[in-house]
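Residue strings, one per chain:
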Amino acid sequence: MKAIRRLTVRPVLPGPLAPLNDLARNLRWSWHEDTRELFRALDPDRWEEVGGDPVRLLGTVTAERLTALAADPAFLDRLAACAADLREYTEGDRWYQHRRGGPRPAAVAYFSPEFGITAALPQYSGGLGILAGDHLKAASDLGVPLVGVGLLYRHGYFRQSLSAEGWQQEHYPVLDPDELPLAPLAEPDGTPVRIALALPGGGTLAARVRVARVGRVPLLLLDSDVEENDAAGRDVTDRLYGGGSEHRLLQEMLLGIGGVRAVRAYCRLTGHPEPEVFHTNEGHAGFLGVERIREHVARGLDFGAAVEAVRAGTVFTTHTPVPAGIDRFDRDLVARYFGPDAELPGIDAEEVLRLGREPGAAGAPGVFNMAVMGLRLAQRANGVSALHGRVSREMFASLWPGFDAGEVPLTSVTNGVHAPTWVAPEVVRLGARRLGAHRVEDALPTADGTRWDALAQVPDPELWRLRRTLRERLVGEVRARLRRSWRQRGAAEAELGWIDSVFDPEVLTIGFARRVPSYKRLTLMLRDPERLTALLLHPERPVQLVVAGKAHPADDGGKRLVQELVRFTDAARVRHRIVFLPDYDMSMAQQLYPGCDVWLNNPLRPLEACGTSGMKAALNGGLNLSVRDGWWDEWYDPDFGWALPTADGDATDPERRDDLESQALYDLLERRITRCFYERGADGLPERWIAMVRQTFTRLGPKVLAGRMVREYVERLYGPAAAAHRALTDPAARELAGWKARVREGWERVSVDHVEAVGPAVEPELGAVVPLRVRVGLGELTPGDVEVQAVAGRVDPQDRIEGGERVVLKPVGGADLDGCWAYEGHLVLDRTGPFGYTVRVLPAHPLLGTAAELGLVAVPTGSTGPEAGVVLR
């Protein structure tokens, strides 16, 4: 019989075991090996059955076992040590508390549509969520006062299996919040906190707030599955990235607007400091800025001043290198949800719609663009790798007309990964053994490289033994998962004996695991099946490939790619050397990365914004084989990996491009990578390979850390944003908004009327000084409203200045009879070759984030940007 109601009955722990509850409810266990081993000791078999989830484990351990452990002195000593360690970790001062040299925000609110903390809290689909989870964990390790904000999806992301024909099938298991490591946010009287959004026609969307503890960081997750909502309202948080456009809009309104309200409630109830900085991880949470505008308007600011106050303390991170990856909604749909009978009734919906209007002639007039709104409401923005920063500046350049893409105020902070989550225990123990650390986590690499340098002295045999151990563990994992997959596909146990010989711990192992959009090219390796087969079955230098990945449920093209690969891996001739493992998630990833000798990445350049899977492999001594895209473009070095050549010149012929790049992949494997792996010295060790592993640990490892990433955010973005937030008091916000309005209105009358080199003629030779005099028309503006610059440097064949130096010119005297001003300064000819300069006028105000903030610039008549007004050859 089927139950009509499901309840989760919590165990009553004996008094001595009470600290187990706190340890289970704080997700630090997911990256703290001692705590995981403590829970494993409760019941090793059940620990495996529940997938390493302490909350579920505590619900299944027998009362007799708990009673026995409560009287076990050795177990109680371990429990006390773990509890004390967690207490010191969450309460003691860390890097942030000792940081000097710059403002420290009282708190930072970090919004993301998904968070990949652990497989036990399946609220993620791929890289964006894993990155967000690693960001929270690293912030916790560093003591950064972050508050995470997201949604709690009743079904999470889908689970993947394969049909007998190899077609992806999706399953959406229902998640019971009471079985997850979450606690309800409640008022002092125990009433659950409710967040409410007004809907068109007088309706309401309600949500409760559940809190996950990620070390020191609270993660607030909004859940619309509450009694107050109708069926449609309860389904708003049903699935991650599910539903149509209106469904997604409601999710993003709940995340942004409801998320700010949840933060306010959390701070009110717990005494947590109010955030001074709001960080929007991709455009999905962009409506948080609109809610904060409403807060300022309710306090008496007008809309323009409220926008300035919000912008000052907002950071926006974009993760997509293509316009198609951005959330865009129909303008009329957004207008309906922000009309007078819905959300923000005190704010004109047209003002909100202007925030998301796409700029320029190419912008679609009927579209509301979430990334555009995010950039307009953030004084600081960044991409997630150096290459992605350049791509993003070009992609969003129309928001700052008149400026070259290089001057678009969008920087980059290259992503990183959380070492304690992704480094195999065997690697950590090796570091701890070499360094004599008291806690194994102290042996993990640091961003300044002060740890793990000892691995440079690890003897070759020991390093090679480590890599073989990790490979052998992966072989066991592959066989177990492959067997489960074949059973799900309908195979009988009696016909699966061949799985016992799948993979070999002595064979070069390559990993490839991704989401399956077309640009990641899951099947590039299959362009020449016979050549791939020859690589897999080479009699002396064989290769084995483990592949995993999920296609979006609505992406039949991606599903066909999965099926194509699965059909190849099913062939009896190669199935012991290449496997596809379904249901790729964090728990699988934590086994794949350490066990692979090479991590493969072959996206279409430059469509991989960053890509962090290769970073996780590197932290375990895996070498990277990748297109120079994302992070690999800036950190590639032949000492620790290989760059896959790209056929950028054949971008208009994708078939030819894929043929050329797949052939390059086969060539690298055949001629260099396999030879390096199998070339053994007299001692039987691959000396060159081990040297590359060592370089990966000691040189690449410190760069790819989430700790390095979060420090960069604090120092380059959060700190300056907090300073700007503090400076934008209500009077300052009003003044800045009024100044911007005055400058925008008067800018059409700003001009550069005349530029001349004054004084005696100067020969254009290295070191010569060129005095400049410029006549500038300012209309109703004054010299205090602008900055006049000379831009000088080397010029290209089209006379455009490359990487020009900027020299500020100073006003001389007052305005002439025509209302024009004279400016003077000096240029130094500091380089040889074709050299040019121009002059431009920019708005200037001490509270601007950058001179390009307003997108306004005046240049000499006939110029359309920072072109060379004068060329000296």
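Residues numbered from 1 in each chain as written. Predicted model: local features only at pLDDT ≥ 70, side-chain atom pairs only at ≥ 80, totals over all residues. Heavy atoms only, no water.

Examining the overall build of the protein chain
So, step 1. Check the secondary structure of the protein chain and you find 28 helices and 27 strands.
So, step 2. Its C-alpha atoms give the protein chain a radius of gyration of 29 Å, near enough to 29 Å, the size a compact globule of 873 residues would have.
So, step 3. If you line up the protein chain on its principal axes, its C-alpha atoms span 95 × 70 × 50 Å.
So, step 4. Scored against the burial criterion, the 873 residues of the protein chain give a buried share of 58%.
So, step 5. Expressed as a percentage of contacts within the protein chain between residues at least 6 apart in sequence, the contacts between residues at least 24 apart total 73%.
So, step 6. By element, 51% of the accessible surface of the protein chain is carried by carbon and sulfur atoms, the whole surface being about 34,200 Å².
So, step 7. When the 105 positive and 119 negative side-chain charges of the protein chain are each reduced to one mean point, those points stand 3 Å apart. (Helix = DSSP H or I, 4+ residues; strand = E, 2+ residues; numbered from the N terminus. Rg over C-alpha atoms; globule rule 2.2 N^0.38 Å. Buried < 20%, exposed > 50% of the residue type's maximum accessible area, 1.4 Å probe, protein only. Contact = heavy atoms within 4.5 Å. Areas by Shrake-Rupley, 256 points an atom, 1.4 Å probe, with all protein chains shown as cover. Lys, Arg positive; Asp, Glu negative; His and termini not counted. Charge placed at Lys NZ, Arg CZ, Asp CG, Glu CD.)

Concerning the pairing of strand β16 (residues 543-550)
So, step 1. β16 sits mainly inside the fold: 8 of its 8 residues count as buried.
So, step 2. Crossover strand β15 (residues 508-515) to β16 through helix α20 (residues 529-536) is right-handed.
So, step 3. In this sheet, strand β17 (residues 578-581) lies alongside β16 in parallel orientation, the contact comprising 4 bridges. In the strand pairing of β17, Leu545 is matched with Ile578.
So, step 4. The handedness of the β16 to β17 crossover, carried by helix α21 (residues 556-570), is right-handed. (Right-handed = clockwise from strand over helix to strand, strands pointing away. Pairing = 2+ DSSP bridges.)

As for the sheet that holds β15
So, step 1. Read from one edge of the open sheet, 6 strands run β17-β16-β15-β18-β19-β20, paired in parallel fashion. Of all the strands in the sheet, the pair left with one neighbour each is β17 and β20 (641-644). Taking each pair of neighbouring strands and ignoring which way they run, the sheet shows an average axis angle of 20°.
So, step 2. Along the sheet, helix α26 (residues 687-700) makes contact with β15, β18 (598-601), β19 (623-627) and β20, crossing β19 at roughly 80°. (Axes fitted to C-alpha atoms, helices over the stretch in contact; angles between N-to-C directions.)

Observations regarding the packing of aromatic side chains
So, step 1. What the rule picks out here adds up to 21 aromatic pairs.
So, step 2. Counting every residue linked through ring pairs, the aromatic cluster contains Trp464, Trp642, Phe677, Tyr678 and Trp689.
So, step 3. Positioned above the aromatic ring of Phe677 is the side chain of Arg680, whose terminal nitrogen or guanidinium carbon lies 5.3 Å from the ring centre. (Phe/Tyr/Trp six-rings, centres within 6.5 Å; stacked < 30°, edge-to-face > 60°. Lys NZ or Arg CZ within 6 Å of the ring centre and 35° of its normal.)

Some points on the side chain of Lys520
So, step 1. By secondary structure assignment, the location of Lys520 is in the loop between β15 and α20.
So, step 2. On the accessibility criterion, Lys520 (8% relative accessible area) is buried.
So, step 3. Leave out the neighbours within four places in its chain, and Lys520 touches Phe512, Arg514, Arg515, Asn602, Pro603 and Glu608.

Here's the deal with the pairing of strand β22 (residues 769-777)
So, step 1. Relative to β22, strand β21 (residues 751-757) runs antiparallel, the two being bridged by 6 bridges. Residue pairing in the sheet places Glu756 in a bridge with Arg773 of β22.
So, step 2. Both β22 and strand β25 (residues 820-828) contribute to a ladder of 9 bridges, which runs antiparallel. When the bridges of β25 are listed, Leu772 appears paired with Gly825.

Brief notes about the pattern of salt bridges
So, step 1. A full pass over the atoms with the stated rule returns 71 salt bridges.
So, step 2. A salt bridge links Lys550 to Asp583, with the nearest nitrogen and oxygen atoms 3.5 Å apart. Residue Lys550 is found in strand β16, and its partner Asp583 is found in the loop between β17 and α22 (586-595); the two are separated by 33 residues along the sequence. Take Lys550 and Asp583: they sit in the same class, and that class is buried. (Salt bridge = Lys/Arg side-chain N within 4 Å of Asp/Glu carboxyl O.)

Re helix α8 (residues 127-142)
So, step 1. Relative to the 22 Å expected for 16 residues at 1.5 Å per residue, α8 spans 22 Å between its end C-alpha atoms, a close match to the ideal helical length.
So, step 2. With 15 of 16 residues buried, α8 is to be regarded as a mostly interior element.
So, step 3. A positive phi of about 80° marks Gly143, the residue just after α8. (Expected span 1.5 Å × (residues − 1).)

Here's the deal with the environment of Glu165
So, step 1. Of note, Glu165 is situated in the loop between β3 (159-162) and β4 (168-171).
So, step 2. Along the chain, Glu165 and Val566 lie 401 residues apart, while their C-alpha atoms are 8.6 Å from each other.
So, step 3. Excluding anything up to four places from it in sequence, Glu165 contacts Arg489, Gln563 and Arg567.

Here we look at the nonpolar core
So, step 1. Membership of the largest hydrophobic core comes to 100 residues, with the highest contact counts inside it found for Leu592 and Trp689.
So, step 2. Aside from chain neighbours lying at most four places away, what touches Trp689 is Trp464, Leu508, Asp597, Val598, Leu623, Trp642, Ile673, Cys676 and Phe677.
So, step 3. Core analysis: the next-biggest nonpolar cluster, separate from the first, contains 98 residues, Phe303, Val307, Ala737 and Val776 among them. (Core = buried A, V, L, I, M, F, W, Y, C linked by side-chain atoms within 4.5 Å.)

What to know about the packing of helix α2 (residues 33-42) against helix α6 (residues 73-91)
So, step 1. Closest axis-to-axis distance for the α2/α6 pair is 10 Å, and the angle between their directions is 150°. Put simply, α2 runs roughly antiparallel to α6. As for the relative orientation of α2 and α6, their crossing is left-handed in sense. Contact residues: α2 offers Asp34, Thr35, Glu37, Leu38, Ala41 and Leu42, while α6 offers Phe75, Arg78, Leu79 and Cys82.
So, step 2. Along the lines of polarity and charge, the residues of the contact of α2 with α6 split into 6 nonpolar, 1 polar and 3 charged. (Parallel < 35°, antiparallel > 145°, perpendicular 65-115°, else oblique. Left-handed = near helix turned anticlockwise from the far one by under 90°. Nonpolar A, V, L, I, M, F, W, Y, C, P; charged D, E, K, R; others polar.)

What to know about unusual backbone geometry
So, step 1. That bond from Arg605 to Pro606 is cis: its omega, 5°, falls within 30 degrees of zero.
So, step 2. Mapping Pro606 onto the fold places it in the loop between β18 and α23 (613-618).
So, step 3. Its identity is not glycine, yet Tyr241 carries a phi of approximately 60°, on the positive side.
So, step 4. Along the polypeptide, Tyr241 turns up in the loop between α9 (231-234) and α10 (245-270).
So, step 5. Of note, Asp583 is a non-glycine position whose phi angle comes to about 65°, a positive value.

With respect to the environment of Gly256
So, step 1. Along the chain, Gly256 falls in helix α10.
So, step 2. Between the C-alpha atoms of Gly256 and Leu288, which are 32 residues apart in sequence, the distance is 3.9 Å.

So, the packing of helix α11 (residues 287-298) against helix α12 (residues 303-312)
So, step 1. Two elements in contact, α11 and α12, have axes separated by 9 Å at closest approach and are oriented at 125°. Considered as vectors, α11 and α12 are oriented oblique to each other. Crossing of α11 against α12: the hand is right-handed. Residues Gly289, Arg292, Ile293, His296 and Val297 of α11 form the contact with α12, whose participating residues are Phe303, Ala306, Val307, Ala309 and Val310.
So, step 2. Of the residues assigned to the contact of α11 with α12, the class counts are 7 nonpolar, 2 polar and 1 charged.

Focus on the side chain of Asn281
So, step 1. Along the chain, Asn281 turns up in strand β9 (residues 277-281).
So, step 2. According to the relative accessible area criterion, Asn281 is buried, its value standing at 1%.
So, step 3. Polar contacts involving the side chain of Asn281 include one to the side chain of Tyr110, which spans 3.3 Å.
So, step 4. With residues near it in sequence (within four places) discarded, Asn281 still touches Tyr110, Phe111, Ser112, Pro113, Leu128, Leu131, Ala132, Thr317 and His319. (Polar contact = N/O pair within 3.5 Å; in protein donor to acceptor, adjacent residues only side chain to side chain.)

Topic: the environment of Pro720
So, step 1. Looking at the secondary structure, you find Pro720 in helix α27 (residues 706-727).
So, step 2. On the basis of relative accessibility, which here comes to 27%, the residue Pro720 falls in the partly exposed class.
So, step 3. Measuring from C-alpha to C-alpha, the distance between Pro720 and Arg773 comes to 35 Å, with 53 residues separating the pair along the chain.
So, step 4. Ignoring any residue separated from it by four or fewer positions in sequence, one finds Pro720 in contact with Arg380, Val714 and Glu715.

Concerning the confidence of the model for the protein chain
Close inspection of predicted coordinates is inappropriate for parts of the model with low pLDDT.
So, step 1. Per-residue confidence for the protein chain gives a mean pLDDT of 91; residues scoring 70 or more make up 94%.
So, step 2. In the predicted structure, residues 437-443 sits below a pLDDT of 50 and forms 17 contacts with residues beyond four places in sequence or in another chain. (pLDDT = per-residue confidence, 0-100.)

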